[in-house]
Structure formats: structure tokens, C-alpha cells
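Architecture and fold: a report
Here's the letter readout for the chains.
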Amino acid sequence: MRTPSFLQRVREARRVVVLTGAGVSAESGVPTFRGTDGLWRHHRAEDLATPEAFARDPRLVWEWYEWRRRLIATRRPNPAHEAIADLEARVQEFLLITQNVDGLHRQAGSRRLVELHGSLWRVRCLAEGTVTENLEVPLPSLPPYCACGALVRPDVVWFGEALPPGAIRQAYDAAESCDVMLVVGTSALVQPAAALPMIGKAHGAYVVEVNLEPTPLSAFADECHHGKAGEVLPQLLGSLMRPRSLTHNP
Ligand code: BV8
């Protein structure tokens, strides 16, 4: 008996989970974290995305976020984001877990999603802890302030900070109970997100990786598709979108 393909498994799956990283937004023109395009004014993202960097120089860190917000505001979701949003509509139980903070999945129509690392379109008051959506481009001042007069920070998870308990619990629960996990555009280096595919696999999920290059996950995945997510995903999921009668089951 031939091993069921990814498509057959998705068709038969009760619960599908998708985990994405910066690579899913690359074809929208958003720099990835560790790619050659990941530098800003010679700073590495990892050096700026920390509470220490913010405490030391909130203006510099906000200039980096302002630069990203301005860039992302001019970008649109690409076919990879759209294919994932289409998949959500066709699966009984679906969860998209994203490490990205750019908001492009939501723009593409994804609704059942967890933003593990927060969003750069939300800000959090350092005094009150209140979180508000902020789509202002450009920001009124750098660094921006709350109406109460205190500094605000981006509502994202920095290195060395704990992930929101609700978000990581939801992600672990989904990874432990899914039938298929599709991992797209992540170097699989950042924890605890990078552990999710292994948790899925340990609980019997069929794990498929779509990435430009091999990652530490590649050796463990059941299928690896190396290429651009905006090209691979529509091909991989495209026949799911057509009625069953029109597609030849490979
Ligand atoms: C925490 C928000 C504990 C900010 C980000 C072991 C266990 C636990 C923690 C650790 C551990 N080891 C180390 C740690 C600490 C650290 C960590 O993992 N460090 C790494 C660098 C080793 N983890 C943490 O600090 C986490 N916190 O563990 O807290 C704790 C507990 C209790 C109390 C206190 C503390 C917090 C991690 C979250 C950090 N915040 N972002 C912001 O964005 O401004 S992470 C950042 O990296 C982004 O979110 C990004 O999405 C994420 C992961 O990177 P990728 O998405 O994978 O992006 P990358 O550029 O690396 O790769 C892109 C891939 O796409 C590449 O493979 C490329 O080939 C591919 N690609 C490119 N183009 C395409 C493509 N693929 C397809 N198509 C294309 N077109």
C-alpha cells in the first residue's frame, strides 16, 4: 500500500496546524531575521529585539520598529499567506501558529491564528500595561508615549522574555493533537517555537517542511519541499482547492 501523500493526509485530517516564520513574508518584501537582508544600520535583529536594548536606548529600538512598520505598511500578503488562509477554510479544525509580528497573515484572511511573538501593530504602556492597536505610520514621536505620559513598547516578545502563557499553551495543545503539521519559512532555531514540530511528530503528526533551504527540522520532517513558499504552497495545496473530482490523486 502506497504511503498516503501530504494532500491525502490533509484531506483526511481532523486537525491541521501550520507553523510559520519570517520566510513566509520574504516574497512580500519583508526582510527575514537571519537572512542576508536581516540587518538594519549594521545591527542584528537579535541585538535589538531584547529588553536590555530597549532599556539602554528606547529611541534606537523604536527607530528599528518604525522602519519595519513603514516598510510593512507598503507590503501585501503573498501567495504563501493566501494559500494558508485558503487552507484554513477547508479544514475542520485548523490553527495557524506564527512567529511573525508583521500582521500579513491576518491581512490575507487568516483568522484562526496565534501570534506567538506578538505584533508590531500593537503597543503596550510600560506604566499601565494596557495594550492598544496602533497603525500610525509614521508614529507621532520616537519613542512614542502613552496618553498617561509613560513610554510605550512594541507588543512583541523579545529574546529572553517569556511568551504569553495563553499563546504558548494553545500552540502546545495544537501541536500535541494535530494530524498534520505544515512548517513554512522558519530556520527552526528560535525556542520554544522550534520545538513545536518535534512535539507534533512525537504525538504522531505528519510533519511537512516548506523552506528555501534545509534546517535542523529537515532531518525529522516526513516531507521537505525546498523552494520559495509563495511558489511551493500554491502547488502543494492548489489541488486541495479544486473539487476532488477534478484532481488526479497522486
Ligand atoms: C524564552 C519578536 C524563556 C520580536 C522574536 C531553549 C529553550 C528556551 C529558550 C531558549 C533556548 N535556547 C535559547 C533560548 C533563548 C531564545 C532563543 O531561542 N534564541 C535563539 C536565537 C537560539 N528564546 C527566547 O528568548 C524566547 N523566550 O525562551 O523565554 C523564559 C521563560 C520564562 C521567563 C523568562 C524567559 C523568545 C523568543 C522570541 C523572540 N522574538 N520576534 C520581533 O520580531 O521584533 S523571534 C524572531 O525570530 C522572529 O519572530 C522570527 O520569526 C523568529 C524566528 O526566526 P525565523 O522566523 O525562523 O526567521 P529566520 O530569518 O531565522 O529564518 C527564515 C527562514 O525562511 C530561513 O530558513 C530561510 O531559508 C527561509 N526563507 C527565506 N525566504 C523564503 C524562505 N522560505 C520559504 N520561502 C521563502 N521565500
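This is a predicted model, so every value here is computed, not measured.

1. What to know about the nonpolar core
Counting 27 residues, the largest nonpolar core has F6, L87, L182, L233, L236 and L237 as the members making the most contacts within it. For this core, the secondary structure elements donating two or more residues are α1 (6–12), β1 (15–20), α5 (79–90), β2 (93–98), β7 (180–184), β8 (206–211) and α9 (229–241). No other element matches the six residues that α9 contributes to this core. The contact partners of L182, leaving out residues within four places of it in the chain, are F6, V17, V18, L19, L87, V208, V210, L233, L236 and L237. One finds F54, L104, C146 and W158 within the second-largest nonpolar core, a separate group that totals 25 residues.

2. Some remarks on the site of the ligand
Around the ligand sit 36 residues in total, of which R34, Y65, R68, G160 and S187 are the nearest. Contacts to the ligand include R68, whose side-chain N or O atom sits 2.7 Å from an oxygen atom. Burial of the ligand by the protein chains amounts to 75% of its free accessible area of 1,500 Å². The biggest single contributor to the shell around the ligand is helix α4 (residues 58–73), with three residues. Among the residues making up the shell around the ligand, the classes are represented as 16 nonpolar, 13 polar and seven charged. Formed jointly, the shell around the ligand draws a minimum of three residues from each of two domains, domain 1 (1–29 + 76–117 + 163–250) and domain 2 (31–74 + 120–156).

3. Notes on the sheet that holds strand β5 (residues 131–133)
Strand pairs in the sheet, formed through backbone hydrogen bonds, run parallel or antiparallel to each other. Taking strand neighbours across the sheet as the criterion, the three strands line up as β5-β4-β6 in an open arrangement whose pairing is antiparallel. Each edge of the open sheet carries a strand with a single partner, namely β5 and β6 (152–156). On average, each strand axis in the sheet is tilted by 45 degrees relative to the strand beside it, whichever way the strands run. In this structure, strand β4 (residues 118–125) lies alongside β6, joined through five bridges in antiparallel fashion. Bridge pairing in β6 links G118 to V156.

Here is what the cut-offs are and how they apply
Residues numbered from 1 in each chain as written. Predicted model: local features only at pLDDT ≥ 70, side-chain atom pairs only at ≥ 80, totals over all residues. Heavy atoms only, no water. Core = buried A, V, L, I, M, F, W, Y, C linked by side-chain atoms within 4.5 Å. Buried < 20%, exposed > 50% of the residue type's maximum accessible area, 1.4 Å probe, protein only. Helix = DSSP H or I, 4+ residues; strand = E, 2+ residues; numbered from the N terminus. Contact = heavy atoms within 4.5 Å. Near = heavy atom within 4 Å. Polar contact = N/O pair within 3.5 Å; in protein donor to acceptor, adjacent residues only side chain to side chain. Areas by Shrake-Rupley, 256 points an atom, 1.4 Å probe, with all protein chains shown as cover. Nonpolar A, V, L, I, M, F, W, Y, C, P; charged D, E, K, R; others polar. Domains from an automatic or database assignment. Pairing = 2+ DSSP bridges. Axes fitted to C-alpha atoms, helices over the stretch in contact; angles between N-to-C directions.

Function cannot be inferred from these measures alone, as they are strictly geometric.
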